[in-house]
Amino acid sequence: MYSFIKDDMNTIPIHLQTILQQIRDFESRYDRIPNSVKLLAVTKHQSIENIQTAINAGHELFGESYLQEALIKIEHFKKNINLDWHFIGPIQSNKTKKIAEHFSFVHSVDSLKIAELLHKHRPTYLPPLSVCIQINVSGEKNKSGIDPADVFTLAEKINSFSNLKLRGLMTVPAMTDNFGAQRAQLHRLKLLYEQLIQKDFKIDTLSMGMTNDLEAAIAEGATLVRIGTAIFGSRI
Ligand SMILES: *Cc1c(COP(=O)(O)O)cnc(C)c1O
């Protein structure tokens, strides 16, 4: 697998606690409902040991970006039925079968073709696969995510797939340390999310906010933040 930083100092539980406290503080600062923001711990390039440490600290919701790596971890922890694994990385067609079989939630759907394949491969003995549509809010070239203008068409298609359940929207904005610029980008996702709700889409997930823009995301209405570095340290 990868070379890992070992958590010799046992910092992971402390970092988890700190992030959860920050989330609660930001909820209150920005008039959000208490406990309305979920923490997805992003474990890409993290060792089984580090994930075990987070599980021992009581965490159950994990996000992975790379399929091969994720499947090893999911297999390792399969006896722990309380764990919930979300796929958040780029998706190629040939990965859709395993993703549809092994995850409960996919945040990174950004084409009709991928949605169709996830629907086709989702085993019917499992509940429908929860999905978010990934939006490119910054308009950067080579960035994953669809153009905001295309969201309604794709959302309607996804709603017609019985093995998928559209849950909301996700974005990875352009990197900036400027709080106002972070909020401006995330605000676009929030507006799109509200437009979908106005059009009667039954959605509940606004997936935005990473280590660098956690506060901006909660200020703009995130319901789920995806945090790696602030919990596990740098991924090398
Ligand atoms: C890696 C990753 C994260 C976590 O980023 P950090 O900056 O380490 O918190 C969140 N979302 C996606 C899609 C990622 O790939």
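Please refer to the structure higher up on the page.
Every chain's residues receive numbers from 1 upward, in the order its sequence appears when written. Restriction of local features to residues with pLDDT of at least 70 applies here, the model being predicted, together with a cutoff of 80 or more for giving and counting side-chain atom pairs; totals for whole chains, interfaces and linings are based on all residues. The basis for every side-chain value is the complete set of non-hydrogen atoms in the structure, without hydrogens or water.

## Thoughts on the packing of helix H6 (residues 151–159) against helix H7 (residues 179–198)
Part 1 of the reasoning: Interaxial angle, 0 to 180 degrees, is taken between N-to-C directions of lines fitted to C-alpha atoms, where a helix line uses only the stretch in contact. Starting at the N terminus, helices and strands are each numbered in turn, a helix being any DSSP run of H or I of at least four residues and a strand any DSSP run of E of at least two. Two elements in contact, H6 and H7, have axes separated by 11 Å at closest approach and are oriented at 50 degrees. In terms of axis orientation, H6 runs oblique to H7. As for how H6 packs across H7, the hand of that crossing is right-handed. Seen from H6, the contacting residues are Val 151, Phe 152 and Ala 155; seen from H7, they are Leu 192, Gln 195 and Leu 196.
Part 2 of the reasoning: Polar here means any residue other than Ala, Val, Leu, Ile, Met, Phe, Trp, Tyr, Cys and Pro, which are nonpolar, and Asp, Glu, Lys and Arg, which are charged; Gly is therefore polar. When grouped by side-chain class, the residues that make up the contact of H6 with H7 number five nonpolar, one polar and no charged. Angles below 35 degrees are treated as roughly parallel, those above 145 as roughly antiparallel, those between 65 and 115 as roughly perpendicular, and all remaining angles as oblique. By definition, turning the near helix anticlockwise from the far helix through less than a right angle yields a left-handed crossing, and turning it clockwise yields a right-handed one. The contact definition used throughout considers only heavy atoms, calling two residues in contact when any of these lie within 4.5 Å.

## Details of the nonpolar core
Part 1 of the reasoning: For our purposes a nonpolar core is just a set of buried Ala, Val, Leu, Ile, Met, Phe, Trp, Tyr and Cys residues, chained together by side-chain atoms within 4.5 Å. Burial here depends on accessible area, computed with a 1.4 Å probe over protein chains only, as a share of the maximum for the residue type. Under 20% is buried, over 50% is exposed, and the range in between is partly exposed. Ile 133, Leu 169 and Val 225 are the most contacted members of the largest nonpolar core, which totals 62 residues.
Part 2 of the reasoning: Of all hydrophobic cores here, the second largest spans five residues; its members include Leu 40, Val 42, Leu 61 and Ile 88.

## Details of the pairing of strand S2 (residues 61–64)
Part 1 of the reasoning: Burial of the side chains of S2 extends over both faces: Leu 61 and Gly 63 are buried on one face and Phe 62 and Glu 64 on the other.
Part 2 of the reasoning: Across two bridges, strand S1 (residues 38–42) lies against S2 in parallel orientation. What sits directly across from Val 42, in S2, is Gly 63.
Part 3 of the reasoning: On the question of chirality, the crossover connecting S1 to the parallel S2 by way of helix H2 (residues 48–56) is right-handed.
Part 4 of the reasoning: In the sheet, S2 pairs with strand S3 (residues 84–87) via four bridges, with the strands oriented parallel. Directly across from Leu 61, in S3, lies its bridge partner Asp 84.
Part 5 of the reasoning: Of the crossover connections in this fold, the one passing from S2 over helix H3 (residues 67–76) to the parallel S3 is right-handed. When DSSP finds at least two bridges between two strands, those strands are taken to pair. Crossover handedness is defined by viewing with both strands directed away from the observer: a clockwise path from the first strand over the helix to the second marks the crossover as right-handed.

## Considerations on the site of the ligand
Part 1 of the reasoning: A cutoff of 4 Å decides nearness: a residue is near a molecule or strand if any of its heavy atoms lies inside that distance of it. Neighbouring residues of the ligand: 13 residues in total, closest Lys 44, Thr 211, Gly 228, Thr 229 and Arg 235.
Part 2 of the reasoning: Counting of polar contacts relies on pairs of N or O atoms within 3.5 Å, with two restrictions inside protein: one atom must be capable of donating a hydrogen and the other of accepting it, and residues adjacent in sequence are counted only when both atoms are side-chain atoms. In this structure, Arg 226 approaches the ligand through a side-chain N or O atom, which is 2.9 Å from a nitrogen atom.
Part 3 of the reasoning: Coverage of the ligand by the protein amounts to 87% of the 390 Å² it exposes when considered alone.
Part 4 of the reasoning: In terms of residue class, the shell around the ligand is made up of six nonpolar, four polar and three charged. For every accessible area listed, the method is Shrake-Rupley and the probe measures 1.4 Å; residues are considered covered only by the protein chains on display.

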